[in-house]
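An overview of the molecular structure
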Amino acid sequence: MAAMIEVSQLTKRYGRATAVDDLTFTVRPGVVTGFLGPNGAGKSTTMRLMLGLDRPTAGEVRVAGQPYERLNRPLHTVGALLDGRSVHPGRSAHNHLRYLARSNGIGRSRVQEVIELTGLTTAAKRRAGKFSLGMAQRLGLAAALLGDPAVLILDEPVNGLDPEGVRWIRDLLKGLAGQGRTVLVSSHLMSEAAKTADHLIVIGRGRLLADTATVDFVGGAESLEDAFLRLTADAVEYRGQL
Amino acid sequence: MNLLAAEWIKVRSVRSTLWTLLATIGLAVGLSAFVAANFRANIERVQNFDPIVTSLYGLTLAQLALVVFGVLTVGSEYASGSIRPTLAAVPRRGRFYAAKTAVIGLVALAVSAPSVLAAFVVGQHALGPYAVAAGDPDTVPALLGATAYLPLICLFAAGVATMVRSSAIALGVLVPVLFLGSQGLGNVPGLRPVLQYLPDQAGMELMRIAGGPDSRFGPAYGPGVALVILVGWTVAALVGGFLVLRRRDA
Ligand SMILES: Nc1ncnc2c1ncn2[C@@H]1O[C@H](COP(=O)(O)OP(=O)(O)OP(=O)(O)O)[C@@H](O)[C@H]1O
Ligand SMILES: [Mg+2]
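**Remarks on the interface of chain B and chain A**
- Taken together, the contact pairs 30 residues of chain B with 32 residues of chain A.
- Where chain B abuts chain A, roughly 2,500 Å² becomes buried across the two surfaces, and 53% of that area is made up of carbon and sulfur atoms.
- Contact with chain A buries surface across chain B, with Asn-2, Ile-9 and Asp-249 of chain B losing the most and accounting together for 20% of the total.
- Our enumeration of links across chain B and chain A arrives at one salt bridge.
- One salt bridge connects Asp-249 of chain B with Lys-12 of chain A, and the closest N-O pair in it is separated by 2.8 Å.
- Between chain B and chain A we count 14 residue pairs in polar contact (both at pLDDT 80 or more) in total.
- Elements with a minimum of two residues in the side of chain B that touches chain A: α1 (2-12), α4 (59-80), α5 (83-89), α6 (93-127) and α11 (223-247) of chain B.
- If you tally residues by element for the side of chain B that touches chain A, the top one is α1 of chain B, at seven residues.
- Of the residues that constitute the side of chain B that touches chain A, the class distribution is 12 nonpolar, seven polar and 11 charged.

This is how it looks when you write it as structure tokens:
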């Protein structure tokens with residue numbers, strides 16, 4: 001299952017604002033790739049472009065060798081978590097997963113499996129609108145795992161998870177990559193990225209800043225956080241004051 | 001088949017949409033019975049009494065519930081953001097849209113047919129001695145017209161909701177068009193020539209509620225033209241929705 005994500009000369013503008021600016025990189029199978037960048041750097045936008053949700057202004061993305069829109073039953077190839085809250089608040093977690101599964105010809109037993117895998121068993125019949133952030137994230141992960149995909153695209157998956165959940169995701173992602181899958185994970189938690197990611201893609205203001213192995217990225221710096229802050233110092237758009 | 005089944009799961013797994021369907025039946029039957037019973041009690045004072053029209057009167061309000069169903073089924077996807085996981089699972093937007101509108105249309109039809117029939121039967125019963133004569137040639141066309149109208153107006157609403165990508169905006173457009181516009185302004189002589197082509201006016205004619213070309217309140221066309229006008233509106237709204245869905249970022 002050597003399925004890569006190939007981003008080439010990808011640009012996305014919203015009106016006059018450029019969210020993604022001529023990005024080119026490849027996400028490889030077999031390792032966890034961390035996707036880092038300051039707020040507004042364009043990580044989520046890049047992920048939406050990968051999934052064919054937003055249309056690029058220029059350039060293209062290929063997933064498993066094809067534009068996403070061409071994938072037949074894409075959940076079998078690509079699983080994505082963009083925002084766990086993107087669920088009808090009146091629908092149960094179980095039914096949310098059921099319709100996604102059904103649209104891709106995935107059976108009920110797999111729905112039950114991902115519910116158990118993500119620890120949602122006792123909450124599955126409850127309305128998703130009442131879920132806590134961490135539960136919503138688990139539901140989003142369950143959806144991403146439905147089709148047992150070769151490629152995973154996860155936008156801040158540990159956001160809102162408890163320490164147990166954070167460790168669980170870390171082990172899960174490493175395990176999935178170990179099976180030869182392609183795993184792209186965005187995060188703002190540098191310590192977490194240092195523990196989980198083998199490879200890093202760093203962007204700022206929509207542009208590629210780094211595409212290297214994590215060990216090389218940190219290099220002589222004290223920590224991944226220090227290396228990151230140094231690299232992105234000029235690319236931070238939203239900065240708080242002390 | 002999978003896509004139709006998936007959209008069907010969506011429809012039946014949200015209580016608020018199911019309520020709109022129940023409300024459709026309830027309003028159709030309840031209001032028709034109420035109006036029929038009132039007409040019967042005050043029959044000497046009723047002008048232009050028509051037993052078929054009387055027993056279908058509830059449909060004028062029931063259509064609103066079905067319009068809300070069409071709007072919510074689409075609009076809630078945008079409000080909740082579930083349109084994104086949906087389109088990630090079904091990236092061919094034309095197929096997704098075809099399945100969604102097919103399920104909306106089929107559900108609307110499945111609710112409309114019994115609603116119309118029940119409204120008619122209950123209404124006629126309430127009219128008692130003033131019920132329409134058995135075998136009246138206008139009965140079947142009016143019932144068929146009503147059964148066609150309701151799903152069409154529901155699909156029209158779904159198309160509009162897809163165009164504007166919001167339940168609130170869609171209802172903000174539809175409710176005035178479907179009610180205030182033609183019910184109120186439709187009787188203003190200067191506006192009639194134009195407003196009579198609005199979808200609900202065509203629907204009134206289709207259900208024979210308007211009374212036909214010979215009546216003072218009816219439009220200047222018959223039920224055949226009314227059906228063409230309605231289908232035209234519905235197709236236009238659905239195509240408009242598709243163009244927006246295909247072009248816009250999700
Ligand atoms: N739909 C949209 N319309 C207009 N501008 C948008 C839209 N989506 C994103 N943007 C803009 O594009 C830029 C990149 O946003 P994006 O959400 O991709 O950043 P991000 O790296 O995911 O940030 P964060 O770390 O805060 O999640 C931002 O300036 C944002 O305001
Ligand atoms: Mg983001």
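**Side note on helix α4 (residues 133-145) of chain A**
Residue and element names in this part refer to chain A.
- The terminal C-alpha atoms of α4 lie 18 Å apart, and with 13 residues this matches the ideal 18 Å at 1.5 Å per residue to within 8%.
- Those residues of α4 lying buried are Gly-134, Met-135, Ala-136, Gln-137, Arg-138, Leu-139, Gly-140, Leu-141, Ala-142, Ala-143, Ala-144 and Leu-145.
- Here the buried face of α4 lies against β5 (78-81), α2 (93-103), α3 (108-117), β6 (151-155) and α5 (163-178).

**Description of a positive patch on the surface**
- Taken together, the side chains of Arg-102, Arg-108 and Lys-125 of chain A together with Arg-12 of chain B define a basic patch exposed on the protein surface.
- With respect to the secondary-structure elements, Arg-12 of chain B resides in helix α1.
- Residue Arg-12 of chain B is classed as partly exposed on the basis of its relative accessible area of 38%.

Definitions and cut-offs
Within every chain, residues take consecutive numbers counted from 1 along the sequence as written. The naming scheme follows written order: chains are lettered A onward, ligands numbered 1 onward. In view of the model being predicted, local features appear only for residues whose pLDDT reaches at least 70, and side-chain atom pairs are presented and counted only at 80 or more, with totals across whole chains, interfaces and linings using the full set of residues. Excluded from the side-chain calculations are hydrogens and water; all other atoms, namely the structure's heavy atoms, are used. Residue contacts are defined here by distance: any two heavy atoms, one from each residue, within 4.5 Å place the two residues in contact. What gets called buried area is simply the loss in accessible area from a 1.4 Å probe that two parts show on being joined, summed for both. When a carboxyl oxygen of Asp or Glu is within 4 Å of a side-chain nitrogen of Lys or Arg, the pair counts as a salt bridge. Here a polar contact is taken to be a pair of N or O atoms separated by no more than 3.5 Å, where protein atoms must pair a possible hydrogen donor with a possible acceptor and residues adjacent in sequence count only if both atoms sit in side chains. Note on conventions: DSSP H or I runs of at least 4 residues are helices, E runs of at least 2 residues are strands, and numbering of each starts at the N terminus. Residues were grouped as follows: Ala, Val, Leu, Ile, Met, Phe, Trp, Tyr, Cys and Pro as nonpolar; Asp, Glu, Lys and Arg as charged; and all remaining residues, including Gly, as polar. Multiplying one less than the number of residues by 1.5 Å gives the expected span of a helix. Under the scheme applied here, a residue whose accessible area is under 20% of the maximum for its type counts as buried, over 50% as exposed, and between as partly exposed, the area being computed with a 1.4 Å probe on protein chains only. Residues forming no salt bridge and having over 30% relative accessible area are the ones grouped into patches, like charges within 9 Å of each other and nonpolar side chains (Val, Leu, Ile, Met, Phe, Trp, Tyr) within 5 Å. Residue burial considers only the protein chains on display, and all accessible areas are found by Shrake-Rupley using a 1.4 Å probe. A residue counts as positive if it is Lys or Arg and as negative if it is Asp or Glu; His and the chain ends are not included. Charge positions are represented by NZ for Lys, CZ for Arg, CG for Asp and CD for Glu.

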